[in-house]
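Here is how the chains run, residue by residue.
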Amino acid sequence: MPSGSPPVIDFNAPADEVARHLVGVTLLVDGVGGRIVETEAYDWDDPASHSFRGPTARNASMFGSPGRAYVYRSYGIHWCLNFVCREKGHGAAVLIRAIEPIMGLERMRERRGLDEVRLLCAGPGRIAQALGIDVSFNGKSLDAPPFLLIAPADGEPEVVVDAGPRIGISKAVNMPWRFGEKGSRFLSKPFRRKP
DNA sequence: CTAGTGATCCGCT
DNA sequence: GCGGATCACTAGA
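An account of the accompanying structure is given in this report. Since the structure is predicted, the reported quantities are computational estimates derived from the model, not experimental observations. (Residues numbered from 1 in each chain as written. Chains lettered and ligands numbered in written order. Predicted model: local features only at pLDDT ≥ 70, side-chain atom pairs only at ≥ 80, totals over all residues. Heavy atoms only, no water.)

### Structural notes on the overall build of chain A
The helix and strand tally for chain A stands at 3 helices and 8 strands. In sequence order, the secondary structure elements of chain A are arranged as α-β-β-β-β-β-α-α-β-β-β. Seen through its principal axes, chain A has C-alpha atoms that stretch 45 × 40 × 35 Å. By the burial criterion, 45% of the 195 residues in chain A qualify as buried. Look at the contacts in chain A between residues 6 or more apart in sequence, and 58% of them connect residues 24 or more apart. (Helix = DSSP H or I, 4+ residues; strand = E, 2+ residues; numbered from the N terminus. Buried < 20%, exposed > 50% of the residue type's maximum accessible area, 1.4 Å probe, protein only. Contact = heavy atoms within 4.5 Å.)

### Quick word on the protein's contact with DNA strand C
The environment of DNA strand C is formed by 21 residues, the closest being His50, Tyr72, His78, Asn82 and Arg126. Each atom of DNA strand C within 4 Å of the protein was assigned to sugar, phosphate or base; sugar and phosphate come to 55%. Between DNA strand C and histidine 50, the relevant distance is 2.9 Å, taken from a phosphate oxygen to a side-chain nitrogen or oxygen of the residue. Here a sugar or linking oxygen of DNA strand C and a side-chain polar atom of serine 74 are 3.3 Å apart. Contributions of two or more residues to the surface near DNA strand C are made by strand E3 (69–74), strand E4 (78–85), strand E5 (92–103) and helix H3 (124–131). Among the elements that take part in the surface near DNA strand C, H3 stands out by supplying 3 residues, more than any other. Looking at side-chain class alone, the surface near DNA strand C contains 9 nonpolar, 9 polar and 3 charged residues. (Near = heavy atom within 4 Å. Polar contact = N/O pair within 3.5 Å; in protein donor to acceptor, adjacent residues only side chain to side chain. Nonpolar A, V, L, I, M, F, W, Y, C, P; charged D, E, K, R; others polar.)

### Observations concerning the packing of helix H2 (residues 105–112) against H3
With their axes 7 Å apart at the nearest point, H2 and H3 run at an angle of 115° to one another. Of the possible angle classes, the one that applies to H2 and H3 is roughly perpendicular. Judged by the twist between their axes, the crossing of H2 over H3 is right-handed. Of H3, the residues touching H2 (which contributes Met108, Arg111 and Arg112) are Arg126, Gln129, Ala130 and Leu131. (Axes fitted to C-alpha atoms, helices over the stretch in contact; angles between N-to-C directions. Parallel < 35°, antiparallel > 145°, perpendicular 65-115°, else oblique. Left-handed = near helix turned anticlockwise from the far one by under 90°.)

### What to know about the environment of glycine 123
Turning to its location among the elements, glycine 123 is positioned in the loop between H2 and H3. Spatially, the C-alpha atom of glycine 123 lies 17 Å from that of aspartate 162, the residues being 39 residues apart in sequence. Discounting residues that sit within four places of it in the chain, glycine 123 has contacts with Arg97, Ala98 and Ser188.

### With respect to the layout of surface pockets
Considering only enclosed or pocket space, the largest pocket measures out at about 780 Å³ in volume. Looking at the lining of the largest pocket, the elements with two or more residues in it are strand E2 (32–42), E3, E4, E5 and H3. It is E3 that contributes the most residues to the lining of the largest pocket, 4 residues altogether. (1 Å grid on protein atoms, 1.4 Å probe; cavity = no way out; pocket = protein on both sides within 12 Å on 5 of 7 lines; lining within 4 Å. Points joined across faces, edges and corners; volume = space filled by probe spheres on them.)

### Some details on the packing of aromatic side chains
The tally for this structure, following the rule as stated, stands at 3 aromatic pairs. Ring geometry for phenylalanine 11 and phenylalanine 83: centres 5.9 Å apart, planes at 85°, overall edge-to-face. With phenylalanine 11 in the segment before helix H1 (15–22) and phenylalanine 83 in strand E4, this residue pair connects regions lying 72 residues apart in the sequence. We classify phenylalanine 83 as buried; its relative accessible area is 0%. Between lysine 140 and the ring centre of phenylalanine 137, over which it is positioned, the NZ or CZ distance is 4.9 Å. Directly above the aromatic system of tyrosine 42 lies the positively charged group of arginine 166, at a separation of 4.6 Å from the ring centroid. (Phe/Tyr/Trp six-rings, centres within 6.5 Å; stacked < 30°, edge-to-face > 60°. Lys NZ or Arg CZ within 6 Å of the ring centre and 35° of its normal.)

### A few points about the protein's contact with DNA strand B
By nearness alone, every residue bordering DNA strand B is listed as Arg53, Thr56, Arg58, Tyr75, Gly76 and Ile77. Looking at DNA strand B alone, sugar and phosphate atoms form 59% of those within 4 Å of the protein. A distance of 2.3 Å separates a phosphate oxygen of DNA strand B from a polar side-chain atom of threonine 56. A distance of 3.3 Å separates a sugar or linking oxygen of DNA strand B from a polar backbone atom of glycine 76. Partitioning the surface near DNA strand B into residue classes produces 2 nonpolar, 2 polar and 2 charged.

Here is the structure:
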């Protein structure tokens, strides 16, 4: 292996591939966070993606370099964190939907005003609140502080990933671009049994 | 467990 | 004006 640590994940890949590989990766923001257990892919030719109709002021970072954050306001109330992927010009990203809280539990509890660990990061808006994410993080590189991504440790059992339809959208509702760790109790919503 | 509802802002048509 | 990549809460099965 060359000097330095290998990249945790290659963001220069199709969004659904990145989304699948992110499950099991640890995300920390200023040392607070845990294992990503649920993601959704929004690809460049995807009618449900914010990037579908081309670049605008809001989605500009989706058209920037891969490996950066795209943060947007949802329903006028919440912030949602995405990881930009693929090459410039296309506009694709992965929405981080749920995290298994591991580091900085007390900090997350304070921010969320809630004790129950299961609900600290079970949903994109909840994650942003628990990790202190807001629009000022938009466009920041995921390779540098305050962000830290950590690949699953060698020898750790491989994560079994479920896939299913995405949540809360009205276009391309049947595309199975939601991914999650099978059986995790920290998901924003369970995956249905047998299709 | 699922289903329904109001809150609350801003980007886009 | 409209309608969200949501959440907290309530009611009911």
